[in-house]
Amino acid sequence: MKISLLVLASPYASQSADTAWHYAQAAAHAGHELYRVFFYHEAVYHGSRLSVPAQDEIDRVQRWAELAERSGAELVLCVASALKRGILDDTEANRYERGAHSIHPAFVIAGLGQLVDASVHSDRLLTFGG
Amino acid sequence: MVSGTRRKILLLCRRAPYAGYLARAGLDAALAAAVFEQDLTVLFMDEGIWQLLPDQHSAEIECKSIASTLDSMPLYDIESFYVDAESLRLRDVDAKTLTSKTILLGAAELPGFLDSFEQLWSF
């Protein structure tokens, strides 16, 4: 089955985002195709390359990146949510004249159209709330 | 970008209008789905029913108005909103006071209603 996820929760504010990751991991392991994970609202903090978790904590950014690498899932950050929270790629950093980009290379920035596209092209779209 | 199948989607709005940004995020997702010509229906339940109350003076808390976004929905062919009657009853809100055109759903109708959609987007 082709599956996409809509993740709304910040990586450190609730367990919801962890549940999303474990679900994605299990789905990929069971042989399902992960089409896209759309990070919206506070969940865009998952895409920060500047995040430095404590040594005795799980690196939640890195483990999404590794899951994407293994499964082929696309990791998309909602552009409106990302920009206002300071998660910018090179293009946006140049456009808005900010000194640096902050997006982890495993993620891309795109509009809500990519959520709709995930909905259309997946058998299931699961929301993990904020 | 988005082509092919037209999904029958239910947007479930369960958040109070100004307790955080999720209510707004849900409505933005609804507009995107409508722009890309999906078959979208909106259901308000739990704290989400407060989004439908009139006289929201959101400028006083420096927020954009949820009510005016709801008012603009007909432009996107989202003509009416479904509301969970039990959520209204528990909060002692009279359906007559709600702003937009609403259709009440009773507890008995709700499971079948939810089942009639291909996808739930839950905010």
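Provided above is the structure to which this section pertains.
Small disclaimer: the values here were computed from a predicted structure and weren't measured. (Residues numbered from 1 in each chain as written. Chains lettered and ligands numbered in written order. Predicted model: local features only at pLDDT ≥ 70, side-chain atom pairs only at ≥ 80, totals over all residues. Heavy atoms only, no water.)

Q: What's the story with the overall build of chain B in this structure? I'm lost.
A: A count of helical and extended segments in chain B gives four helices and five strands. For chain B, the succession of helices and strands along the chain, N to C, is β-α-β-α-β-α-β-α-β. Taken over the C-alpha trace, chain B has a radius of gyration of 14 Å; the compact-globule value for 123 residues is 14 Å, and the two agree within 12%. Overall size of chain B, expressed as C-alpha extent along the three principal axes, is 40 × 35 × 25 Å. Within chain B, the fraction of its 123 residues that count as buried is 46%. Surface exposure of chain B reaches about 6,300 Å², of which carbon and sulfur atoms provide 52%. (Helix = DSSP H or I, 4+ residues; strand = E, 2+ residues; numbered from the N terminus. Rg over C-alpha atoms; globule rule 2.2 N^0.38 Å. Buried < 20%, exposed > 50% of the residue type's maximum accessible area, 1.4 Å probe, protein only. Areas by Shrake-Rupley, 256 points an atom, 1.4 Å probe, with all protein chains shown as cover.)

Q: How do you make sense of the environment of L75 of chain B when you look at a structure like this?
A: All names here are of chain B. You can see L75 is positioned in the loop between α2 (66-72) and β3 (81-84). Judged by relative accessible area, L75 falls into the exposed class, the value being 74%. Spatially, the C-alpha atoms of L75 and L31 are 9.8 Å apart, while their sequence positions differ by 44 residues.

Q: Is there a simple way to explain the state of the cysteines in this structure?
A: In protein chemistry, a disulfide is the covalent bond that joins the sulfur atoms of two cysteines. Tallying each qualifying case throughout the model produces zero disulfides over all chains. Among the cysteines around C78 of chain A, which has no disulfide bond, C13 of chain B carries the closest sulfur, lying 16 Å off. Looking at C78 of chain A, the relative accessible area reads 2%, which means it is buried. (Disulfide = S-S within 2.5 Å.)

Q: Can you help me understand the packing of helix α1 (residues 16-29) of chain A against helix α2 (residues 60-71) of chain A in this one?
A: Axes are the key here: two packed helices are described by the angle between their axes and the distance separating the axes. Residue and element names in this part refer to chain A. Where α1 contacts α2, the axes come no closer than 11 Å and their chain directions differ by 20°. One finds that α1 runs roughly parallel with respect to α2. As α1 runs across α2, the sense of the crossing is left-handed. Residues A17, D18, A20, W21, H22, A24, Q25 and A28 of α1 pack against R60, R63, W64, L67, R70 and S71 of α2. (Axes fitted to C-alpha atoms, helices over the stretch in contact; angles between N-to-C directions. Parallel < 35°, antiparallel > 145°, perpendicular 65-115°, else oblique. Left-handed = near helix turned anticlockwise from the far one by under 90°. Contact = heavy atoms within 4.5 Å.)

Q: How should the side chain of R7 of chain B be read in this particular structure?
A: Within the secondary structure, R7 of chain B is located in the segment before β1 (8-13). Looking at R7 of chain B, the relative accessible area reads 11%, which means it is buried. If sequence neighbours within four positions are ignored, R7 of chain B has contacts with S119, V120, S122 and D123 of chain A together with Q38, D39, E118 and Q119 of chain B.

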